[in-house]
Amino acid sequence: MKKLFIYTFLVMMFCNVGAAKDLTGTKLLCKENTDPADDHGLHFIGPNKVIHFSIGNWKVQVKEKKYWVDPVNIFILGYKINRETLVFGFLSTNYQCSIVEEDFPFKAYFIDMIVNLIREQESKNKL
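Read on for an overview of the structure. (Residues numbered from 1 in each chain as written. Predicted model: local features only at pLDDT ≥ 70, side-chain atom pairs only at ≥ 80, totals over all residues. Heavy atoms only, no water.)

Observations concerning the overall build of the chain
Assigned secondary structure in the chain consists of 2 helices and 9 strands. Helices and strands appear in the chain in the N-to-C order α-β-β-β-β-β-β-β-β-β-α. The burial tally for the chain puts 29% of its 127 residues in the buried class. In the structure as shown, the chain presents an accessible area of about 9,100 Å², 60% of it carried by carbon and sulfur atoms. (Helix = DSSP H or I, 4+ residues; strand = E, 2+ residues; numbered from the N terminus. Buried < 20%, exposed > 50% of the residue type's maximum accessible area, 1.4 Å probe, protein only. Areas by Shrake-Rupley, 256 points an atom, 1.4 Å probe, with all protein chains shown as cover.)

The structure is reproduced here in structure tokens:
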């Protein structure tokens, strides 16, 4: 009876992973309403790897991270995306994500954003 329970448990554990949708190739652009410099880009490159694009220290930050899924959420090391609403959350900050085209250029998008932010800040500077 113990062996039957263990086998059933192992089969059920792997069935959950097998039912999860493969996100490879999916791209999400996640925006916050108040600050466009706080946008995030996510490019799922494999069954458990995602490239995370963001802006930090006036540079484009590109980091490869691991992710895992359950029927409700996608977890990316400290972040969580609700699979139904596409709300990307970190602590108390939430971003609304949208699926973008497969050829969306994240790096160019964030570089343009940095150039615009620098231009805007330089116009405000007095020195």
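A word on the environment of K31
With respect to the helices and strands, the residue K31 is situated in strand β1 (residues 27-31). With a relative accessible area of 41%, K31 lands in the partly exposed category. Residues contacting K31, with those up to four places away along its chain left out, are D39, Y95, Q96 and Y109. A distance of 3.5 Å separates the side chain of K31 from the side chain of Y109, its partner in a polar contact. (Contact = heavy atoms within 4.5 Å. Polar contact = N/O pair within 3.5 Å; in protein donor to acceptor, adjacent residues only side chain to side chain.)

Here's the deal with the pairing of strand β7 (residues 79-82)
Alternating residues of β7 divide into Y79 and I81, all buried, and K80 and N82, none buried. By the bridge criterion, 4 bridges tie strand β6 (residues 73-76) to β7 in an arrangement that is antiparallel. What sits directly across from N73, in β7, is N82. Relative to strand β8 (residues 87-90), β7 is paired through 2 bridges, and the arrangement is antiparallel. Within the sheet, the bridge partner assigned to K80 lies in β8 and is G89. What sits between β7 and β8 in their antiparallel hairpin is a turn of 4 residues, with L86 showing a positive phi close to 55°. (Pairing = 2+ DSSP bridges.)

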